[in-house]
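Working through the structure, step by step
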Amino acid sequence: MTPDRIFRGLFVLYLLAFVAYLFAPLLIMSVAAFNESRFPTVIPWQGTTLQWFSAMWADAAMWKALGTSAIVAVLVVLVALPVGTAAALVLTTLHARARSFAYAVMVSPLLTPGVVIGISTLILWRQVGVGGGIALIVVAQTTFIICYVMLMVMARLQRFDRTQEEAALGLGASKLMVFRRVLLPFLRPALLASGGLAILQSVENYNTTLFVRGFETPLTVFIATKVRTGLTPAVNALALVIIAATVIGAVAYEVARRRQLTRQPRS
């Protein structure tokens, strides 16, 4: 065998192993939702059933936890997007030394363990009489989710041609109009991606949320509690529904994007 074939074979094996590492747990979890066993397992297979989907629909506590996570995620996006975008715009206008210092300060929450963020947020806000709850969850999560938004917007801004702003200002546009008509449309892909990432980071967060939740029970805390008290495949059924909704949404977005590209006139 030639070295090229050996390299291609190793690359294919690596690719297959990588895909299996990513998707095998999701596949097993999804299949377990159809097993009659009262525990989330595939082996032994005790028969095919849809009862766990009925149990999922009937579990009011699960839906309440999902609703709490959805409310928190929406509020986190409403806070993180404007603040993260503003931070990115400020960083791109600073001088090199000031930019390096400000960048290090703003990115530091990403390097801080979630447990530390959760405990410190709870201690700080309890000093002013604010207890745990949805508001404090939003505050704690946006502490580090803002960093993701800032980084993604900054990456997009590096491709922005500043002469467009100067041309618009030279034609009499106000700074607000330049931001709304020139900069904001250019940042739209980064903002949409940042919003999606913020939702995912908010819903899946556990370490930070656990300390600031108060009497609220987001989905991750609900599932962790179920693991200790007795997990049923109803959680697998919910996960399968969420995965299916995510895949359908991604496919619909890609189809819409390609249709929009085909409608654009070719230069």
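All of these numbers come straight from a predicted model, not from anything done at the bench. (Residues numbered from 1 in each chain as written. Predicted model: local features only at pLDDT ≥ 70, side-chain atom pairs only at ≥ 80, totals over all residues. Heavy atoms only, no water.)

Within this structure's numbering, the places UniProt gives as "domain: ABC transmembrane type-1" (unreviewed entry) are residues 66-253. With 83% helix and 0% strand, residues 66-253 has its two end C-alpha atoms placed 24 Å apart. (UniProt positions renumbered as here; feature names shortened; annotations may be inferred. Helix = DSSP H or I, 4+ residues; strand = E, 2+ residues; numbered from the N terminus.)

On to the environment of Pro109. If you trace the backbone, Pro109 turns up in helix H4 (residues 96-111). Every residue in contact with Pro109, bar those within four places of it in the chain, is listed here: Ile117, Thr143, Phe144 and Cys147. (Contact = heavy atoms within 4.5 Å.)

Summed over all chains, the structure comprises one salt bridge. The residue Arg258 makes a salt bridge to Glu254 at a minimum N-O spacing of 3.0 Å. Of this pair, Arg258 and Glu254 both sit in helix H11 (residues 234-263), separated by four residues, roughly a single helical turn. (Salt bridge = Lys/Arg side-chain N within 4 Å of Asp/Glu carboxyl O.)

A separate point is helix H2 (residues 51-58). For H2, the full list of buried residues reads Trp52, Phe53 and Met56. End-on view of H2: buried residues confined to an arc of 105°, all on one side of the axis. Of the exposed residues in H2, the ones pointing more than 90 degrees away from its buried face are Trp57 and Ala58. (Buried < 20%, exposed > 50% of the residue type's maximum accessible area, 1.4 Å probe, protein only. Arc of directions from axis to C-beta.)

Turning our eyes to something else, we now look at the packing of helix H3 (residues 60-93) against helix H8 (residues 175-204). Where H3 meets H8, the axes come as close as 9 Å, and the angle between the chain directions of the two elements is 140°. In terms of axis orientation, H3 runs oblique to H8. For H3 against H8, the interelement crossing comes out right-handed. Facing H3, whose interface residues are Ser69, Val72, Ala73, Val76, Val77, Leu81, Thr85 and Leu89, H8 presents Phe179, Leu183, Leu187, Leu191, Ser194, Gly195, Ala198, Ile199, Ser202 and Val203. Residue classes in the contact of H3 with H8 are distributed as 13 nonpolar, five polar and no charged. (Axes fitted to C-alpha atoms, helices over the stretch in contact; angles between N-to-C directions. Parallel < 35°, antiparallel > 145°, perpendicular 65-115°, else oblique. Left-handed = near helix turned anticlockwise from the far one by under 90°. Nonpolar A, V, L, I, M, F, W, Y, C, P; charged D, E, K, R; others polar.)

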